[in-house]
Amino acid sequence: MSGPAVGRSDVVDADVIVVGGGSSGSVVASRLSENPDCRVVVVEAGQGVSRVQDYPPDIADAHVLPVGPGSPWTSSYPAELAPGVEREISRGRVLGGSGAVNGAYFIRARPDDFLHWPSRWSYENVLPYFTASETDHDYASDRHGSSGPIPVWRTAPKEWSGVTAAFVDASESLGFPADPDKNDPSPVGGTGPVPLNVFRGMRMNAAATYLIPRLSRPNLEVLTESTVLKILFDGDAACGVRILRRGVTTDMRASRVVLCAGAVRTPQLLMLSGVGPAESLRHCGIDVRLDHPRVGRGFSDHPEIGVYYRSSVPFRPSSPIEVVLHVGDLEIRPYTASFGYMIAGIGPVDPMIGIGLMRADSRGDITLRSADPLDSPFVRYRYLDSAADRAALHAGLDVVDALLSTAPMTAVATKLEVAGDRLLGRLGTALHLSGSCAMGGPDAVLDDRCRVRGVYGLDVVDTSSFPVVPTRGPHATVIMLAERAARDIADDLG
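What counts and how
- Residues numbered from 1 in each chain as written.
- Predicted model: local features only at pLDDT ≥ 70, side-chain atom pairs only at ≥ 80, totals over all residues.
- Heavy atoms only, no water.
- UniProt positions renumbered as here; feature names shortened; annotations may be inferred.
- Helix = DSSP H or I, 4+ residues; strand = E, 2+ residues; numbered from the N terminus.
- Axes fitted to C-alpha atoms, helices over the stretch in contact; angles between N-to-C directions.
- Parallel < 35°, antiparallel > 145°, perpendicular 65-115°, else oblique.
- Contact = heavy atoms within 4.5 Å.
- Nonpolar A, V, L, I, M, F, W, Y, C, P; charged D, E, K, R; others polar.
- Buried < 20%, exposed > 50% of the residue type's maximum accessible area, 1.4 Å probe, protein only.
- Pairing = 2+ DSSP bridges.

Draft legend 1. Summary view of the UniProt feature "domain: Glucose-methanol-choline oxidoreductase N-terminal" (unreviewed entry) in the protein chain. Those residues carrying the UniProt feature "domain: Glucose-methanol-choline oxidoreductase N-terminal" (unreviewed entry) are residues 262-276 in this numbering. Annotation note: span residues 262-276, helix share 53%, strand share 13%, distance between end C-alpha atoms 16 Å.

So, in structure tokens, the structure goes:
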């Protein structure tokens, strides 16, 4: 997988510049370029391909996670999960974005998640965009898509790993209900298979399904290995971007700029361009164009606690997560193999059951460390600050202890104890960062159509647009968001 660009190589002006060729950017660019009179240019910092079959095995193979140290497919950012708990978090840096390197989990947000969104984003209003995005090969109804770009499958019981099968039996023995369709809006919990955007073992990311098949359109350009340095303005209107490509800095003009760079990079670009908290920008020597106190502030994510075990069950290739158990605000995830197997370069690691807190009180901030566009911002999560969050995660540990004590699980797994604090010693993150440039009320960064308040011609369409992280993984929901936002942008363009 090499070559500096996909498609033509000359930098040209456009009607719409889409910053980021990840999950949301691929959808937005594909949908807007359906209008042959709308010239769309995608600017992606990572590498790309011209054909889906040219993705390298570690991107295509849904059994692995290509996010380890030194991965060419990710960008890493310094983060503090809690005081004294520092990590590096990774985001996708490749055509397809984080959806090209994740676990292919494709569960929609729940109906009550949208109670936190502006009213035009109610579940019934967004359902047509969920269904338009997918072809569900397991369920046929008006609440499941039958002709959308993204294939959705669930791992059949006969194909479950030994640990997955034991986990399901253990859940049943403890009285947890079956939840066979996690994208059905009616059930509120239980154990069931995870909808996956996988086809014949291949991770079907949004670039592979939406964007790459449309590269023959004469009005669609995709520039890869091209880093956006800042947004350009003419008065109070966005008019283009400055990019670094092949060592050359170039200004590209457009009447509309759509930021789809992800929940870390999008607020960073806004702040580098003078849109953000005024005091913080001045501290970095950045001229303030628009004082927007909420840019980069108040994001949410899913803290995850890991319970490690040893098992004699042989590993065979499988999706990283085949089933999950939802109990209240918790998601219990029996990973099918150790991350040491699925992630190259991290060394031997025991397998684990993850406990995700899907509705947490914690809110974090993303702040610039300098005015250098190539200097990573700092991500502070503030996990475990809330007594309610700590209590919920302790309850999750009790659920997993009960599962591991059942006959089905003791036959395949032996729990490993972790020294030190019961939570801090196991703390991680699900990497579902959302809401760093949220839409919503009058003080929010975005209006209810994902347009940046206070300027013209600038949209944010990625998980940073969410008012709060959904109580399920965000991938299916950000595809829906992009489907609807693309329709709104097309309407604005007339």
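Here the narrative resumes.
Draft legend 2. Structural view of the packing of helix 3 (residues 123-133) against helix 11 (residues 475-493). Remark: helix 3 packs on helix 11, axes separated minimally by 8 Å, with the N-to-C direction vectors making an angle of 105°. Between helix 3 and helix 11, the crossing angle belongs to the class labelled roughly perpendicular. Contacts between helix 3 and helix 11 involve Asn125, Val126, Tyr129, Phe130, Ala132 and Ser133 from the first element and Ala476, Thr477, Ile479, Met480, Glu483, Arg484 and Arg487 from the second. Each residue belonging to the contact of helix 3 with helix 11 can be placed in one class, and the counts come to seven nonpolar, three polar and three charged.

Draft legend 3. Molecular detail of the pairing of strand 11 (residues 226-234). Of all nine residues that make up strand 11, seven are buried, and the element is covered over most of its length. As defined by bridge partners, strand 11 adjoins strand 12 (residues 237-245) across eight bridges and the pair is classed as antiparallel. Bridged to Lys230 within strand 12 is Arg242. Once strand 11 ends, the chain turns through two residues before running back antiparallel as strand 12, passing Gly235 with a positive phi of about 65°.

Draft legend 4. Seen up close, the side chain of His302. Relative to the assigned elements, His302 resides in the loop between strand 17 (297-299) and strand 18 (303-310). Classification of His302 as buried rests on a relative accessible area of 0%. With residues near it in sequence (within four places) discarded, His302 still touches Leu357, Met358, Tyr383, Thr429, Ala430, His432, Val469, Pro470, Thr471, Arg472 and Gly473.

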